[in-house]
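Residue strings, one per chain:
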2 protein chains.
Amino acid sequence: MLKRDDLKKRLSAILGAEHVHDSNEMKLAYSYDATPNYQALPDVIVSPGNMEEIQAIVQLCNETGTPIVPRGSGTNLSAGTCPSEGGIVLLFNRMTEIIELDADNLTATVQPGVTTETFIRYVEEQGFFYPPDPGSMRISTIGGNISENSGGLRGLKYGVTRDYVMGLKVIMPNGECVVTGGKCVKDVAGYDLTRLMVGSEGTLGVIGEATLKLLPPPESKQTLMAVYNDIEAAAQTVSEIIAAKIIPATMEFLDQPTIEVVEDYAGVGLPTDAAAILLIEQDGPSEMVQRDLQVIQRICQAQQAIDVERAKNEEHAEKLLTARRVALSACARKKPTTILEDATVPRSKVAAMVQAINGIARKYEVQICTFGHAGDGNLHPTILTDARDLEEMKRVEQAFAEIFQKAIEFGGTITGEHGVGMMKAPYLKWKAGSSGLNVMQSIKRALDPKNIMNPGKIFQSNPDGEMIAE
Amino acid sequence: MLKRDDLKKRLSAILGAEHVHDSNEMKLAYSYDATPNYQALPDVIVSPGNMEEIQAIVQLCNETGTPIVPRGSGTNLSAGTCPSEGGIVLLFNRMTEIIELDADNLTATVQPGVTTETFIRYVEEQGFFYPPDPGSMRISTIGGNISENSGGLRGLKYGVTRDYVMGLKVIMPNGECVVTGGKCVKDVAGYDLTRLMVGSEGTLGVIGEATLKLLPPPESKQTLMAVYNDIEAAAQTVSEIIAAKIIPATMEFLDQPTIEVVEDYAGVGLPTDAAAILLIEQDGPSEMVQRDLQVIQRICQAQQAIDVERAKNEEHAEKLLTARRVALSACARKKPTTILEDATVPRSKVAAMVQAINGIARKYEVQICTFGHAGDGNLHPTILTDARDLEEMKRVEQAFAEIFQKAIEFGGTITGEHGVGMMKAPYLKWKAGSSGLNVMQSIKRALDPKNIMNPGKIFQSNPDGEMIAE
């Protein structure tokens, strides 16, 4: 690795000095992301303005063995954009353009730095629909969403970011630009590099441009809230709805501890003694939505929901969904440190998993609120704690390890939508197995032999920045 | 590589002699697939009965450097299952079980050898829906569909095989078993090995089991045929339908030469002087289907369709779709050799591409019928020729090369759903670029350093079976 001054000089020659930063303030600002308890300083922060500049940066880093941490808005919750071994943080704040909306082919082409909400709003104004809606969409970037394969509330019916990436321009670790996929709905020319890049968390290259799939917008939507005295009944409702051949756009779940915290925060009138709440939204042609909602309502009632409320209008629907949307903020104000996880299980195991999580909370004497996407089994057990309380943090760690283990036992995964990052790198083997981890590491080594791309993420590094051999 | 006798002996020890074949008849039977003009003998043909046997076979082949050609029903059209360097052909005719249908999680788990139609029929009987419907579905296998990432008529609305593979058990070239994905709708634990395997054409490992996503079945469907005097108007119809925010389940296209050949074969009453026919099917809730069909009908009329016929019932719909389904058979009886290609372009370029193909047919004096999936730009220019006429075959080759070039020029791809195989390996660079091909080869080398898995497919081999360095 170059000395910091030389690195800065050569980066300035590529970008202009005004786009290369190494003040203490800037280094501190980019020493962490949205994940609690991870922090390390980078050497330099750079803001390239185009693909050619990214290419020159990557070439320089490859030549000099300098780590690169690509970073959108840093909203990920797995320490995926936290520096770990110095090097540069690569920002996309100068690459925020929506390059094209191609109505004929239902695609949009964007630079990676555009925020998810800006993009969604733009395509909606043009009469289209882009479904992936991660919780952080107000500030997250499309490039970040692609790197993390972000999910969201609409994942059950519409899938995740992966399902909407049709093509990419990627700067590979050797500095070459690879163009994957394109605007064709069908394309089987060689390995699926597009989907290999999606969710690779910046460890295989830098995404410089993306072509995304759009849909026609749903004609209408309707929202319903069902309140339960029994978690099992809420979970059974989810199963019965699927069994009735209905796939709602959204089926969100809040457990009792979450309901209490949310009501305390937002005062939306939730019954704080209820065991669980389901928030269900269906969209599509209005006749179909009406019909589906009637069936869903009947199922909720048959499952002994103590209250079933249908939104009277969009405003009312917004109010109902607020309960889910504020869950993280509501948790965050309870205790200094909020750790939000995303252990995920097959849909049929949601009730068992929530019960297991509550048992684990009791066992380790930690406070866990569980909410999340019941329809796709993507739960968010959230521990309210205090990072300064080292003794409690030890128990928190043990509790999470047991939650991951339980998820795997139920045929699930250690992460449904947050990514592995540094946070879950020690647990990846539980899901992928030695042989799977071995395959992933072989790919990483083949494409990034110097381990310059976001080292320490997905795979653990040793102190020299080398991947720890499995 | 072992001597053939030793190889046979060791394979027999693994499988039992009754599942190891090297008679001349068997070697001849597996010396070719559905692709015209490719043929080479394997040394041995084996039929393992379970994952453990596959594993033992792969370990033996890895140890001895023996090529493995995994083969479902050999229906692919890119010489993807044709031996090229001897070795073994690995069949799945003893692994045809549907292991589980999980109604709660909307998944099915199958062995690779089950045929697509058997599987589709089974899930339909159970009240579910598996959309990928490749043309060869009556005999193709699910394992083959996954290896080729097969498409089909319903790709426009429902996507391709890739979109329905949730998890795999794969025997890697080193003999290790990797379990990818699972039943979770959301799963971002490391690289997306599931989708890396889908469409990898048997070059990265042997698929031993697959977990597939199911959907609730559409409630109803309707079919419509529109006849045009002008290709441009047919293409414009496709664009206008998409612009009206309607995504039909199917939008199939036949050009004039195809119409003539089909009518001659099937006598379904097609107007043989028409320039183009569109066959459009929509499915979903019946109110929506009714509404969509009305809009589609109006668009067809506004685009000067000379005839628009709506199917009166399912039987009538079947009759209309027959025209499209028999296209390949109809072509095949015209000339001794039928070469079906699948150059694919963005939807907006369909008319331009069809015109380009017709120009190329005139230039090289070859007979080309073009039909295919207009909705997703996946065209099937089909040359009717005679492999024994070497002079014409030269022109056929030139014509196809120019068709691929044109597809790339239009932002398309050399193959939409047939795969690269041996047939299109020389052209892959046109689509992927040197840098993209380089990335794919790096992955191949990292995972299969001895190049035992289906050598010569996707990447060209030299006579020693080594990949030709790009």
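Every chain is numbered independently, its residues counted from 1 as its sequence is written. Following the order in which they are written, the chains are lettered starting with A and the ligands numbered starting with 1. Per-residue local features are limited, in this predicted model, to residues with pLDDT of at least 70; the limit for side-chain atom pairs, both in listing and counting, is 80 or more; totals at the level of whole chains, interfaces and linings are taken over all residues. Computation of side-chain values: all heavy atoms of the structure, hydrogens and water removed.

## Quick look at the sheet that holds strand β10 (residues 220–228) of chain B
Residues and elements named next belong to chain B.
- Strand pairing follows a simple DSSP-based rule, namely that at least 2 bridges must link the two strands. In this description a helix means any DSSP run of H or I spanning at least four residues, a strand means any run of E spanning at least two, and both kinds are numbered starting from the N terminus. Ordered in space as β13-β10-β12-β11-β15-β16-β14, the seven strands form an open sheet in which the pairing is antiparallel. In this open sheet, the two edge strands, each paired with only one partner strand, are β13 (307–310) and β14 (337–340). Between one strand axis and the next, the sheet turns by 15 degrees as a mean value, whatever way the strands run.
- Any two residues whose heavy atoms approach within 4.5 Å at even a single point are treated as in contact. What counts as an axis is a line fitted to C-alpha atoms, over the stretch in contact for a helix, and the angles between N-to-C directions run from 0 to 180 degrees. Across the sheet, helix α9 (residues 256–266) lies against β11 (250–255), β12 (276–284) and β15 (367–373), angled at about 90 degrees from β11, the strand it touches most.
- Against the sheet, helix α10 (residues 286–302) contacts β10, β12 and β13, and its axis sits at roughly 5 degrees relative to β10.

## Thoughts on the UniProt feature "domain: FAD-binding PCMH-type" (unreviewed entry) in chain A
- UniProt positions are given in the numbering used here, feature names are shortened, and annotations may be inferred rather than shown by experiment. As annotated by UniProt and renumbered to match this structure, "domain: FAD-binding PCMH-type" (unreviewed entry) occupies residues 38–217 of chain A.
- Across residues 38–217 of chain A, the secondary structure splits into 22% helix and 22% strand, with the terminal C-alpha atoms separated by 39 Å.

## Re the sheet that holds strand β9 (residues 206–213) of chain A
Residue and element names in this part refer to chain A.
- Taken in spatial order, the five strands line up as β5-β6-β9-β7-β8 in an open sheet, and their pairing is antiparallel. Where the open sheet ends on each side, the last strands, each with one partner, are β5 (98–102) and β8 (177–181). For this sheet the average axis-to-axis angle between neighbouring strands, irrespective of direction, equals 10 degrees.
- Here five bridges tie strand β7 (residues 165–171) to β8, and the two strands are oriented antiparallel to one another. Bridge assignment links L168 to a residue of β8, and that residue is T180.
- Each of β5, β6 (107–110) and β9 touches helix α4 (residues 116–125); the most contacted strand, β5, lies at about 35 degrees to it.

## Quick word on the interface of chain A and chain B
- Tallying the contact residues gives 83 residues for chain A and 83 residues for chain B.
- Note on chain A versus chain B: buried area summed over both sides is about 6500 Å², and carbon and sulfur give 60% of it.
- Once two parts are put together, the accessible area they lose, assessed with a 1.4 Å probe and summed over both, is termed the buried area. Of all residues in chain A, the largest losses of buried area upon contact with chain B belong to A:K186, A:V188 and A:Y191, amounting jointly to 15% of the total for that side.
- When a carboxyl oxygen of Asp or Glu lies within 4 Å of a side-chain nitrogen of Lys or Arg, that pair is called a salt bridge. The tally of links between chain A and chain B comes to twelve salt bridges.
- Where B:E219 meets A:R291, a salt bridge forms, and the shortest distance between an N and an O atom there is 3.0 Å.
- N or O atoms within 3.5 Å of each other form a polar contact, as long as, within protein, one can give a hydrogen and the other can take it, and as long as residues adjacent in sequence are counted only when both atoms are side-chain atoms. There are 32 residue pairs in polar contact (both at pLDDT 80 or more) connecting chain A and chain B.
- Of all the secondary-structure elements, those providing two or more residues to the side of chain A that touches chain B are β8, α7 (193–197), α8 (231–243), α10 (286–302) and α15 (428–447) of chain A.
- Of the residues forming the side of chain A that touches chain B, the biggest block, 13 residues, is contributed by α15(A).

## Some points on the packing of helix α1 (residues 4–15) of chain A against helix α3 (residues 51–64) of chain A
Residues and elements named next belong to chain A.
- Where α1 meets α3, the axes come as close as 9 Å, and the angle between the chain directions of the two elements is 155 degrees. As far as their axial angle goes, α3 and α1 are roughly antiparallel. Helix-helix and strand crossings are classified by hand; for α1 and α3 the assignment is right-handed. Judged by residue contacts, L7, R10, L11, I14 and L15 of α1 engage E53, A56, I57, L60, E63 and T64 from α3. Each angle gets one of four labels, with under 35 degrees taken as roughly parallel, over 145 as roughly antiparallel, 65 to 115 as roughly perpendicular, and the rest as oblique. Crossings are classed by handedness, with left-handed meaning an anticlockwise turn of the near helix from the far one by less than a right angle and right-handed meaning a clockwise turn.

## Focus on the packing of aromatic side chains
- Pairing of aromatic side chains here covers Phe, Tyr and the six-membered ring of Trp, requires ring centres within 6.5 Å, and sorts the geometry by plane angle: under 30 degrees stacked, over 60 edge-to-face, intermediate tilted. One pass over the full model with this rule turns up 14 aromatic pairs over all chains.
- Centroid distance B:F400 to B:F404: 6.2 Å. Interplanar angle 20 degrees. Geometry classified as stacked. You can see B:F400 and its partner B:F404 sitting in helix α14 (residues 390–409), four residues apart, about one turn around the helix.
- Looking at B:F404, the relative accessible area reads 2%, which means it is buried.
- Here a set of aromatic residues connected by ring pairs shows up, and it is made of A:F400, A:F404, A:Y427 and A:W430.
- Two thresholds decide whether a charge sits over a ring: the Lys NZ or Arg CZ must be within 6 Å of the ring centre and within 35 degrees of the ring normal. In this structure, A:K245 packs its charged tip against the face of B:F128, placed 3.7 Å from the ring centre. Partly exposed describes any residue whose relative accessible area lies between the buried limit of under 20% and the exposed limit of over 50%, with all areas from a 1.4 Å probe on protein chains only and scaled to the type maximum.

## Topic: helix α1 (residues 4–15) of chain B
Residues and elements named next belong to chain B.
- The length a helix should cover is 1.5 Å for every residue beyond the first. The first and last C-alpha atoms of α1 sit 16 Å apart over twelve residues, in line with the 16 Å expected at 1.5 Å per residue.
- Burial in α1 covers these residues: L7, L11, S12 and L15. Projected onto a plane normal to the axis of α1, the buried residues spread over an arc of 130 degrees and lie on a single side. Opposite the buried face of α1, at more than 90 degrees from it, the exposed residues are D5, K9 and A13.
- Buried residues along α1 sit in contact with β1 (20–21), β2 (44–46), α3 (51–64) and β4 (88–91).
- Positive backbone phi, at 90 degrees, marks G16, one or two positions downstream of α1. Directions from the helix axis toward the C-beta atoms define the arc.

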